[in-house]
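Residues per chain are reported as follows:
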Amino acid sequence: MNQIKTLINGQFINTKNSLEVYNPANNELLALVPNIDDEAQINDIFKQAHNAYLKYKDSSIEDRVALLEKFASLIESNKEELATIIMNEVAKGYKDSLVEVERSVEYMRATNVEYLKLIKNPTVFDQSIHGVKNKVATYYRLPVGVVLAISPFNYPINLLISKLAPALVAGNSVVYKPSTQGAMIGIKLAELAHQAGYAPGVINCLTTDARKYGDLLVTNQYVKALSFTGGPKVGNRMAQITSKISLVLELGGKDPALVLDDADLELAANEIVKGAFSYSGQRCTAIKRVFVSSKNHDQLLTLINQKVNQLTVGLPKDNPTIVPLINNNTVKYNIDLLEDAKSKGAVWCQELKVDHSHNLLYPMVVDQVNEQMRIAWEEPFGPILPIIVYDHLDQALELINRSEYGLQASVFTSNLDNIEQLALQIESGTININRSSSRGPDILPFFGVKDSGFGIQGIVDAILSMTTIKGVVINK
Ligand code: G3P
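Just so you know, these numbers come straight off a predicted model, no measurement behind them.

**Q** What am I meant to see in the overall build of the protein here?
**A** Helix and strand counts for the protein come out as 15 helices and 24 strands. For 476 residues, the compact-globule estimate of 2.2 N^0.38 gives 23 Å, and the C-alpha radius of gyration of the protein, at 23 Å, lies within 12% of that figure. Judged by the C-alpha coordinates and their principal axes, the protein covers about 70 × 65 × 40 Å. Taken over 476 residues, the protein has a buried fraction of 56%. In the form shown here, the protein has an accessible surface area of approximately 19,600 Å², with 51% of it arising from carbon and sulfur atoms. The distance from the centre of the 45 positive side-chain charges to the centre of the 51 negative ones in the protein is 8 Å.

**Q** Before we go on, may I ask you to explain the UniProt feature "active site" (unreviewed entry) in the protein in this structure?
**A** The sites that carry the UniProt feature "active site" (unreviewed entry) are, in the present numbering, E250. Assignment of secondary structure puts E250 in strand β11 (residues 246–250). If near-sequence neighbours (up to four positions away) are discounted, E250 is found in contact with L159, F228, T229, G230, C284, F446, S452 and Q457.

**Q** Got a minute to help me understand the site of the ligand in this structure?
**A** Taken together, R103, N154, Y155, L159, E250, R283, C284, T285, S438, R439 and F446 are the residues near the ligand. With respect to the ligand, the backbone of C284 contributes an N or O atom lying 2.7 Å from an oxygen atom. In isolation the ligand offers 310 Å² of accessible surface; the protein chains occlude 98% of this area. A molecule is said to occupy a pocket when more than half its atoms come within 2 Å of that pocket's grid points, and by this definition the ligand occupies the second largest pocket. Class assignment for the residues of the shell around the ligand results in 4 nonpolar, 3 polar and 4 charged. No fewer than three residues from each of domain 1 (6–251 + 452–475) and domain 2 (256–433) sit in the shell around the ligand.

**Q** Even after reading the chapter, I still don't get the packing of helix α1 (residues 39–56) against helix α8 (residues 210–218), so can you show me in this structure?
**A** Between two packed helices, both the angle of their axes relative to each other and the distance between the axes serve to describe the pair. Running from N to C, α1 and α8 point in directions that differ by 35 degrees, and their axes come no closer than 11 Å. Crossing handedness for the pair α1 and α8: right-handed. Here E39, I42, N43 and F46 of α1 come into contact with α8, specifically with Y213, L216 and L217. Considered class by class, the residues forming the contact of α1 with α8 number 5 nonpolar, 1 polar and 1 charged.

**Q** What is the right way to read the nonpolar core from this model?
**A** Soluble globular proteins tend to bury their nonpolar side chains together. Ranked by size, the top nonpolar core spans 64 residues in total, and within it F71, I75, Y176 and Y198 carry the most contacts. Examining the composition of this core, we find that 9 residues originate from one element, helix α7 (residues 183–196), more than from any other. A domain-level breakdown of this core finds at least three residues from each of domain 1 (6–251 + 452–475) and domain 2 (256–433). Those residues in contact with I75 that lie beyond four places of it in its chain are L82, V101, V105, M108, I157, I161, L189 and L192.

**Q** Would you mind going over the packing of helix α2 (residues 61–77) against helix α6 (residues 158–169) with me for this structure?
**A** Packing of α2 against α6 brings their axes to within 9 Å, and their N-to-C directions diverge by 155 degrees. Taken together, the axis directions place α2 and α6 in an arrangement best described as roughly antiparallel. Side by side, α2 and α6 meet where R64, V65, L68, F71 and I75 of the first sit next to I161, A165, L168 and V169 of the second.

Calculation criteria
- Residue indices follow the written sequence of each chain, beginning from 1 at its first position.
- Since the coordinates come from a predicted model, pLDDT governs what is reported: local features require at least 70, and pairs of side-chain atoms require 80 or more to be given and counted, while whole-chain, interface and lining totals use all residues.
- Excluding hydrogens and water, the side-chain figures rest on all heavy atoms present in the structure.
- In this description a helix means any DSSP run of H or I spanning at least four residues, a strand means any run of E spanning at least two, and both kinds are numbered starting from the N terminus.
- In this setup the radius of gyration rests on C-alpha atoms only. A globule is expected at 2.2 Å times the number of residues raised to 0.38.
- With a 1.4 Å probe rolled over the protein chains alone, any residue whose accessible area is under 20% of its type maximum counts as buried; one over 50% counts as exposed, and the rest are partly exposed.
- The Shrake-Rupley method, run with a 1.4 Å probe sphere, supplies the accessible areas, and residue values consider only the shown protein chains as cover.
- In summary, the charge assignment counts Lys and Arg as positive and Asp and Glu as negative, without counting His or the chain termini.
- Charge coordinates come from a single atom per side chain, which is NZ of Lys, CZ of Arg, CG of Asp or CD of Glu.
- UniProt positions are given in the numbering used here, feature names are shortened, and annotations may be inferred rather than shown by experiment.
- Contact criterion: two residues are considered in contact whenever any of their non-hydrogen atoms come within 4.5 Å of each other.
- Any residue with a non-hydrogen atom lying within 4 Å of a molecule or strand is treated as near it.
- Pairing of N or O atoms within 3.5 Å defines a polar contact, subject to two protein rules: one partner must be a possible hydrogen donor and the other a possible acceptor, and residues neighboring in sequence count only if both atoms are side-chain atoms.
- Points on a 1 Å grid over protein atoms alone make up a cavity when a 1.4 Å probe fits among them but cannot get out, and a pocket when they form an open set with protein on both sides within 12 Å along at least five of seven lines; lining residues each have an atom within 4 Å of a point.
- To qualify as sitting in a cavity or pocket, a molecule needs more than half of its atoms within 2 Å of the grid points.
- We call Asp, Glu, Lys and Arg charged. Ala, Val, Leu, Ile, Met, Phe, Trp, Tyr, Cys and Pro are nonpolar, and the rest, Gly among them, are polar.
- A domain assignment, automatic or from a database, supplies the domain bounds used here.
- Note on geometry: axes are C-alpha line fits, over the in-contact stretch for helices, and angles between N-to-C directions span 0 to 180 degrees.
- Left-handed describes a crossing in which the near helix is turned anticlockwise from the far one by less than a right angle; the clockwise case is right-handed.
- Only buried residues count toward a nonpolar core. Its members are Ala, Val, Leu, Ile, Met, Phe, Trp, Tyr and Cys residues joined through side-chain atoms within 4.5 Å.
- Note on angle classes: values under 35 degrees are labelled roughly parallel, values over 145 roughly antiparallel, values of 65 to 115 roughly perpendicular, and the remainder oblique.

What follows is the structure, given as structure tokens:
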């Protein structure tokens, strides 16, 4: 069995007990990774990370930028191997896995560029700019200490790198806990970081059972910033039990696509199908409900169904759109949502087709969904798309905003006059006009409201969230 050691304080270590990583495409055990199952050992990891930070923070900015670039280059030169690990570990299509690795390398390089801009342009207050008399106040950006990063399975490299890169370039040390389906790539990243030359303790891959130790991790005294991507239940608990740390939480979504009466329906259908079904809907920014008026309903549904019926379904190595779901529980959960909707009068537009041995759920559009159905509110993280018909725009807006989530939204219309006014009525972090929702390009701020998150990501905002300021005021 492939038993992989993880990197803690500069050493590759093993543990008595292991966590099991399965291949979602065949349910076979892929690897065993360390299960760090000891409170004192966990506390010590943070202490060592803090000690490492005390030295690393004084390294030169040029050295940190160069180290991050070296780390990025190593990822780039190992991209096929990394993409293969992603494909096997989380059943993402090989080509999409490769794109994810390449996006992560770009993310690191852009982080270097933006960090240098921030550092070279400290905020200055003086007479000429703000009328501050007899003082020149300069505010520098500094690291905060130990950053704790906790990442999900669905972008196992990209959502780790988007937390590690800003933390490292700014001079923080990092303890990161990858999702167990995602731990192989997490450890591989640690190997490459070690090879790049990060000093012991600056980067640590803590593979452990988060259900058991989650509270201990996030409340550790040395943790000064926490960046978490995962579910709202866990994220909300983190917000409750932490204090005086920088908190960035990305917690999922139920992104609506609102199709207005004057929309280009062909465009809307293309974007909706892409947004709802890529990576089998396992994205927090996936379109997870469609609102269409009775005027356009039949035509839009026909277009969506035509496209959904053509989606390719299969194993990740063949690069289909619909790939296996992350595990059998997710398949069951999606089927429960479908059955609940059907029992309350929804119409399944495709037959229910499941291949349990590969965790493959075929895509399904569910028509005539109403607010009594769980699928109108819950996040399936699977390839199922509810269609909700509205009579008046106000009714659609009310249902959109009644969701506990507010990550992103899409509005389809051919009339851009006053579109901002409508967009601003939607309670979500970002509203995409005539496009499906998505996090990228990574330079854009990315955030959610309500149960979708707290704090802001995106290249610049992530650096800001992992740094603090120090002012030097020269009195004249
Ligand atoms: O699901 C996590 C999330 O960050 C989505 O990213 O690039 O698919 O919009 P993206």
